[in-house]
Structure formats: C-alpha cells, structure tokens
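One letter stands for each residue in the lines below.
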Amino acid sequence: MIICSAPGKVYLFGEHAVVYGEPAICCAVDIRTRVSVAPADSITISSSLGTTGIDFETHPYVSAVVERFQDISSLEGVSISIESEIPVGSGLGSSAAVTIATIKALDALLGTDLELDDVARTGHEVEQRIQGAASQTDTYVCTMGGVVMIPQRKGLDLIDCGIVIGNTNIFSSTKELVANVAELNESFPDVIGPVLSSIGKMSVTGEELVNAKDYVSVGKLMNINQGLLDAIGVGCSELSSFTYAARNSGAYGAKITGAGGGGCMVAIAPHERVDGVAAAIAIAGGEVVVTKATDIGVRVE
Ligand code: MEV
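Residues numbered from 1 in each chain as written. Predicted model: local features only at pLDDT ≥ 70, side-chain atom pairs only at ≥ 80, totals over all residues. Heavy atoms only, no water.

Examining the site of the ligand
- Taken together, Y11, E15, H16, V18, V19, A134, S135, T174, V178, G258 and A259 make up the full set of residues adjacent to the ligand.
- For the ligand, an oxygen atom lies 3.4 Å from a polar atom in the side chain of Y11.
- Between the ligand and the protein, one listed contact pairs an oxygen atom with a side-chain N or O atom of S135 at 2.7 Å.
- Out of a free accessible area of 300 Å², the ligand has 91% covered by protein chains. (Near = heavy atom within 4 Å. Polar contact = N/O pair within 3.5 Å; in protein donor to acceptor, adjacent residues only side chain to side chain. Areas by Shrake-Rupley, 256 points an atom, 1.4 Å probe, with all protein chains shown as cover.)

Here's the deal with the environment of N248
- With respect to the helices and strands, N248 occurs in helix 8 (residues 237-248).
- The spacing of N248 and I54 is 194 residues in sequence and 47 Å in space, taken between C-alpha atoms. (Helix = DSSP H or I, 4+ residues; strand = E, 2+ residues; numbered from the N terminus.)

A word on the packing of helix 6 (residues 189-211) against helix 7 (residues 215-231)
- Look at helix 6 against helix 7: their axes get within 10 Å of each other, and the N-to-C directions meet at 165°. Between helix 6 and helix 7, the crossing angle belongs to the class labelled roughly antiparallel. As for how helix 6 packs across helix 7, the hand of that crossing is left-handed. Between helix 6 and helix 7, the contacting residues are V195, S198, I199, M202, T205, G206, L209 and V210 on the first element and S217, V218, L221, I224, N225 and L228 on the second. (Axes fitted to C-alpha atoms, helices over the stretch in contact; angles between N-to-C directions. Parallel < 35°, antiparallel > 145°, perpendicular 65-115°, else oblique. Left-handed = near helix turned anticlockwise from the far one by under 90°. Contact = heavy atoms within 4.5 Å.)

What to know about the pairing of strand 3 (residues 43-47)
- Sheet analysis places strand 3 next to strand 5 (residues 78-84), joined by 4 bridges and oriented parallel. Opposite S46, over in strand 5, you have S81 as the bridge partner.
- Where strand 3 meets strand 4 (residues 50-52), 3 bridges bridge the pair, whose relative direction is antiparallel. Note on strand 4: the bridge partner recorded for I45 is T52.
- Between strand 3 and strand 4, which pair antiparallel one after the other, the connecting turn spans 2 residues. (Pairing = 2+ DSSP bridges.)

Considering the packing of helix 2 (residues 94-110) against helix 3 (residues 116-131)
- At their nearest, the axes of helix 2 and helix 3 sit 9 Å apart, and the two run at 130° to each other. In this view, helix 2 runs oblique relative to helix 3, as classed from their interaxial angle. For the element pair helix 2 and helix 3, the recorded crossing hand is right-handed. Seen from helix 2, the contacting residues are S95, A96, T99, I100 and I103; seen from helix 3, they are V119, A120, T122, G123, V126, E127 and Q131.
- Partitioned by chemical class, the residues of the contact of helix 2 with helix 3 number 6 nonpolar, 5 polar and 1 charged. (Nonpolar A, V, L, I, M, F, W, Y, C, P; charged D, E, K, R; others polar.)

In short, geometric facts, not functional conclusions.
Written out as structure tokens, the structure reads:
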C-alpha cells in the first residue's frame, strides 16, 4: 500500500484577480488530505461519502484521475481510500489536495515517474475537466507547498506567524462567484478593472513584505484586499463579522480566502494572539481551524 498526502492552502492576496491574469500569493497550510492506494482486481474509491467505483457524482476528482492513469498506464484495478482534514468546498483547496495526492499515489504505485511539474499540470487539467474553469493556483501550491506567487510560480519565504481560519460552513459555488465578478466587470469595466489590477498590485507589494517578515504591513494589505473583495461582491455578513472579530482581537489582518460568498476567511496573527483570535472567531459563529504555513507539498508518507 502507498499513502500520499497533500496540503490545503489559503490566499494571502489575489483571489478572483488571478482569474484575470493578476498576480496572487498563496500559502500551503498544515492541514492535509491523505490518499492510500493498493493493488486490487477492480476500482474502488472510499471516503466519508461512501464507497464507489469510478463515479463522477460522488468522487469526481479521483474518478477523473483514475481515468487519466488508465490512458497513460495499464491500470485496471486499484483500491483508493481518502481521509481529509480539509473541510470540503470551503475555499481551502480540498479538491486540489485530493486530486494531487491521488495523482502522486498512483504515480508511485504504477511507476509512471511523473515530475512534480507534471503532477501539478495533470492536477490542473483534472480540475478544469471537473469544474469547467480553474486557475492553476490550488493545484500548483498544493503540489509544491510553501508560499508561492502565481502565475510567476515564484517561491517566497515561509510565513512565520499564526494562521487562523474561520469557516462559515455556508456553501458557495466558485463557478457562480467567478461568473458574477465577470458580469460586474462587463457592466462597469472602468470601475471593476482598476479594482482587480489594484488587488494584483497588493500581491506585488506583498511579495517584498512577506520576504521581509513584515507581518504588520502584510496584515494591513490583507485588510485592504478584503475591502476590495467586498467591492466586487464576494463578501457576506458572516465573513465580515469573522474578519472584524479577528482584527479586533489582535490579528495582523484578516480577509476572505478563496471564492467568498461563504466558505472561509483567514487571519494572520502573532503566535501569542492566536488563541484570542480563534476564540473571537468562534464567538462570532465561525468553525475555527488553527494552522500554520507548511513548505511540505505533496509527498509519499
Ligand atoms: C477560488 O478558490 C479562487 C478564485 O480565484 C478562482 C480561481 O482562481 O480559479 C476565485
């Protein structure tokens, strides 16, 4: 049996703007999805959702990965089992993590010798097949780990502060939110265009600040980024309430992470303030995950 794991991720800057070619900064976080694979006579995929064969309703990403390996290898049967610490559909990269961990596990089992770049590229193609459209961000960051600037694929220094995530547990469709931003951009191109390019500029400024470990300034920029995400219509009252709770209890900064409209927010905080920030988000009604940045991308365990 082979076990592979891959991390989740948060956006420090740049979601939505990255869809328009603007830079974003993403950070792999130390919550992981583990995929075990073992030779078998037929294909079975097991997770908390149940046990299936190739099944695009229950296990779309893993099914697409299996079909991919059937094209490039002699794969006929395999038993795949998934366990995840990453909340599903919440903007923390759960689909990228399960996709990338499955690709790496099948690669190791079948000896297809994929380079990490191939793993990330295959993962992106699988996400595009299942979601219709997806940026390369999630699949690249969860393959490589660390703090990464996209689309440049530039590695930045690992951030050394607390990361506190607040989950609204409100489902939001990335596809719909991306479409809403596109519609707003078509209606008001002279207004929304500069907002998106301003978000991109935050990533450029953020790069230097992350590498200088100036988390006070990183936090200030995250707060500005949050204001602009609200401006393009991807906020909601719960996300606002959690971000203010985090800021008022000593976080450096807080913002939505991912598509918004629900899902999660992220705060960065001095290590000694993490418990207070976590408690404040919980009191505001959020499900809290306290984590840290990780430079460990996909790996065989
Ligand atoms: C979703 O996690 C992030 C978006 O920028 C979409 C994408 O990058 O594919 C909203």
